[in-house]
Every structure is written in structure tokens, then in C-alpha cells.
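Chains, contacts and geometry: an overview
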Amino acid sequence: DAKTTQPPSMDCAEGRAANLPCNHSTISGNEYVYWYRQIHSQGPQYIIHGLKNNETNEMASLIITEDRKSSTLILPHATLRDTAVYYCIAVNRDDKIIFGKGTRLHILP
Amino acid sequence: DTGVSQDPRHKITKRGQNVTFRCDPISEHNRLYWYRQTLGQGPEFLTYFQNEAQLEKSRLLSDRFSAERPKGSFSTLEIQRTEQGDSAMYLCASSLEVNTIYFGEGSWLTVV
């Protein structure tokens with residue numbers, strides 16, 4: 001599976017859009033980009049995934065660059081409850097999810 | 001709630017004792033995963049089942065660890081002769097075939 005690189009931490013003001021970057025320069029053509037988050041002391045929560053096209057759901061939007069070497073998770077209107085560790089994972093379909101260290105996102109009031 | 005259910009949520013045990021955790025996956029999910037997480041680290045993969053077959057085990061899963069999924073529904077993770085280094089949160093997840101896995105709330109183990 002491709003290795004992903006994320007900043008260790010980020011801050012975002014409440015109500016603003018939180019943009020979380022992820023580099024996956026060695027991603028292969030059949031690897032998906034998955035995002036999970038983990039709020040303190042809880043199990044990880046699935047957010048969104050994509051292959052090539054940008055994706056949007058009720059939680060977030062995923063923007064994948066055309067060369068697929070990086071992506072950005074966008075939380076459009078961050079709230080205090082979005083404070084969590086966000087994990088970006090590149091994985092073959094049907095393979096297990098391997099987590100890195102993720103980005104610790106702090107939403108500031 | 002029909003999410004992944006784990007029991008117990010918290011367990012404190014003395015070093016050398018055996019502990020068992022149970023996981024009930026989302027109904028009809030045929031894949032079930034176990035992960036372990038220590039403070040400040042991301043979840044680490046331990047093992048996974050497809051139906052009742054254990055398809056992969058991490059090197060992290062020492063001989064003291066055993067996981068079962070006897071009827072392809074719930075699963076148990078047993079740790080024998082616990083050590084202080086086993087203190088962690090043990091996470092169970094399930095999926096329907098492919099990668100979108102859904103996690104339970106985890107079982108916290110403290111070995112004293």
C-alpha cells in the first residue's frame with residue numbers, strides 16, 4: 001500500500017472550512033484514498049473515500065488532484081465536535097486498512 | 001443501535017491473567033477485523049476474518065493472542081498470560097467485503 005504523509009497537527013477556527021492535506025505520491029492506480037477520524041477515546045469513524053473523482057457526502061468533501069499524488073479533506077463548516085485525529089489512507093480495494101499517525105485537528109472557538 | 005458492539009468496554013486485570021474480549025459486528029458483515037491502539041499511536045492491525053476463516057494475522061499477534069469467529073458472526077480475542085505491554089485499546093471493526101470498515105467503541109485493557 002502507498003505511504004501517506006500528513007501534517008501532525010492543524011488548527012482551524014470554528015465555523016470556517018477545515019482543509020486537511022494528504023500526500024500519497026506513490027499511490028498506484030487501483031488504490032483508493034480513505035479518510036477516517038478518531039475523536040478522543042472513541043473508535044475511528046469512516047468519513048469518505050475516493051479513487052479519482054472528487055467526492056462529497058454529508059460529512060465532508062474529498063478533493064483528489066488529477067495526478068492522484070495528493071488529496072484534501074474539506075470539512076465545510078468546522079465545529080468543536082470536529083476536533084479529532086484525521087487519518088488519510090491509500091489502500092487497494094479489498095485490502096486491510098493500515099493507519100499512520102494522522103493529523104490532530106484542533107477547532108478553536 | 002446496529003453498529004459494531006464490543007464487550008467489555010473496560011477491563012483491569014493483573015499481570016499473568018487471561019482476558020477475553022467479544023465483538024459483535026454489524027449484521028451481515030462478513031469481514032471482521034481486530035486492531036490494537038496505544039496512546040498517541042494510530043490503530044495497529046492485528047488480524048481479520050472473512051466469515052469464519054481467519055485470513056491474515058499480523059506479527060504483532062504473538063502466541064499469547066488468539067482470535068476466533070466460530071460461526072462467522074461474533075468474534076472473541078483472548079490474551080493469555082497478560083503483560084503490562086498488552087495495555088491498550090482493542091478495536092473491532094466489520095465490513096461487507098471491501099475496505100469501508102466500521103469500528104466499535106473499543107475495549108480498554110489495563111494490566112496492573
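You'll find the structure just up there.
Residues numbered from 1 in each chain as written. Chains lettered and ligands numbered in written order. Predicted model: local features only at pLDDT ≥ 70, side-chain atom pairs only at ≥ 80, totals over all residues. Heavy atoms only, no water.

Structural notes on the overall build of chain A
Here is the rule: Every helix listed is a DSSP run of H or I at least four residues long, and every strand listed is a run of E at least two residues long, numbered separately from the N terminus. Only C-alpha atoms enter the radius of gyration, while the globule expectation follows 2.2 Å times N to the 0.38, with N the number of residues. Classification of residues uses two cut-offs on accessible area relative to the type maximum, computed with a 1.4 Å probe and protein chains only: under 20% is buried, over 50% is exposed, and between them is partly exposed. Any two residues having at least one pair of non-hydrogen atoms within 4.5 Å are treated as being in contact. Accessible surface area values rest on a Shrake-Rupley calculation with a 1.4 Å probe, where residue burial reflects the displayed protein chains alone.
When helices and strands are counted, chain A shows 0 helices and 9 strands. Element order for chain A, N to C, with α for helix and β for strand: β-β-β-β-β-β-β-β-β. A compact globule built from 109 residues would reach a C-alpha radius of gyration of about 13 Å, and chain A, at 13 Å, matches this within 12%. A burial count over chain A gives 45% of its 109 residues as buried. Long-range pairs, those at least 24 residues apart, make up 56% of the contacts in chain A between residues at least 6 apart in sequence. Summing over all exposed atoms, chain A offers an accessible surface of approximately 5,600 Å²; the carbon and sulfur share of this is 49%.

Observations regarding the environment of M10 of chain A
Residue and element names in this part refer to chain A. Note on placement: M10 falls in strand β1 (residues 9-13). As for M10 and H106, which are separated by 96 residues in sequence, their C-alpha atoms are 6.2 Å apart. In this structure, M10 is in contact with N19, L20, P21, T103, R104, L105 and H106, ignoring residues within four places of it in sequence.

Quick notes on the interface of chain B and chain A
Threshold: Note on definitions: buried area is the accessible-area loss of two parts on being combined, 1.4 Å probe, summed for both. Take a side-chain nitrogen of Lys or Arg and a carboxyl oxygen of Asp or Glu: if they are within 4 Å of each other, that pair is a salt bridge. When residues are sorted by character, Ala, Val, Leu, Ile, Met, Phe, Trp, Tyr, Cys and Pro go into the nonpolar class, Asp, Glu, Lys and Arg into the charged class, and all the rest, Gly among them, into the polar class.
Tallying the contact residues gives 21 residues for chain B and 21 residues for chain A. With both chains or domains summed, chain B and chain A bury close to 1,700 Å², and 49% of this area falls on carbon and sulfur atoms. For K96 of chain A, the salt bridge goes to E56 of chain B, with nearest N and O atoms at 2.7 Å. Elements that contribute at least two residues to the side of chain B that touches chain A include exactly β4 (31-37), β9 (88-95) and β10 (102-103) of chain B. The biggest single contributor to the side of chain B that touches chain A is β4 of chain B, with 4 residues. Taken together, the residues of the side of chain B that touches chain A break down into 11 nonpolar, 6 polar and 4 charged.

Concerning the nonpolar core
Residues and elements named next belong to chain A. Basically, it comes down to this: In this description, a nonpolar core means a group of buried Ala, Val, Leu, Ile, Met, Phe, Trp, Tyr and Cys residues linked to one another through side-chain atoms lying within 4.5 Å.
By size, the foremost hydrophobic cluster in this structure holds 21 residues, and its most contacted members are L20, W35, L73, L75, Y86 and L105. The element contributing the most residues to this core is strand β8 (residues 84-92), with 4 residues. Setting aside its immediate chain neighbours within four residues, L73 contacts A18, N19, L20, W35, I47, I48, A60, S61 and Y86.

Digging into the pairing of strand β6 (residues 53-57) of chain B
Residues and elements named next belong to chain B. Put simply, the test is: Any two strands between which DSSP finds at least two bridges are classified as paired.
Here strand β5 (residues 44-50) pairs with β6 via 4 bridges, running antiparallel. Paired with Y48 across the strands is E56, a residue of β6. A loop of 2 residues connects β5 with β6, the two strands running antiparallel in sequence, and N51 in this loop sits at a positive phi of about 55°.

A few points about the sheet that holds strand β3 (residues 19-24) of chain B
Residues and elements named next belong to chain B. Formally: Angles run from 0 to 180 degrees between N-to-C directions of axes, and those axes are lines fitted to C-alpha atoms, restricted for helices to the stretch in contact.
The strand order across the open sheet formed by 4 strands is β1-β3-β8-β7, and the pairing between neighbours is antiparallel. Because the sheet does not close on itself, it has two edges, and the strands there are β1 (5-7) and β7 (65-68). Here the average twist between neighbouring strands, direction ignored, is 15°. For β7 and strand β8 (residues 75-79), the ladder comprises 4 bridges, and the chain directions are antiparallel. Along β8, the bridge assignment pairs E68 with T76.

Here we look at the sheet that holds strand β9 (residues 103-108) of chain A
All names here are of chain A. Judged by pairing direction, the sheet is mixed, and its 5 strands sit side by side in the order β1-β9-β8-β3-β4 without closing on themselves. Taken across any chain shown, the strands that pair with only one partner, and hence form the sheet edges, are β1 and β4 (45-50). Each neighbouring strand pair of the sheet contributes to a mean axis angle of 25°, computed without reference to strand direction. Note: strand β3 (residues 31-38) against β4, 5 bridges, orientation antiparallel. Among the inter-strand pairings, V33 is bridged to a residue of β4, identified as G50.

Some points on unusual backbone geometry
Residues and elements named next belong to chain B. The omega torsion of the bond from D7 to P8 falls at -5°, within 30 degrees of zero and hence cis. Counting through the fold element by element, P8 comes out in the loop between β1 and β2 (10-13). Backbone geometry places E28, a non-glycine residue, at a positive phi of 75°. Structurally, E28 can be placed in the loop between β3 and β4. Given the relative accessible area of 70%, E28 is considered exposed.

Read these as spatial facts, not as claims about activity.
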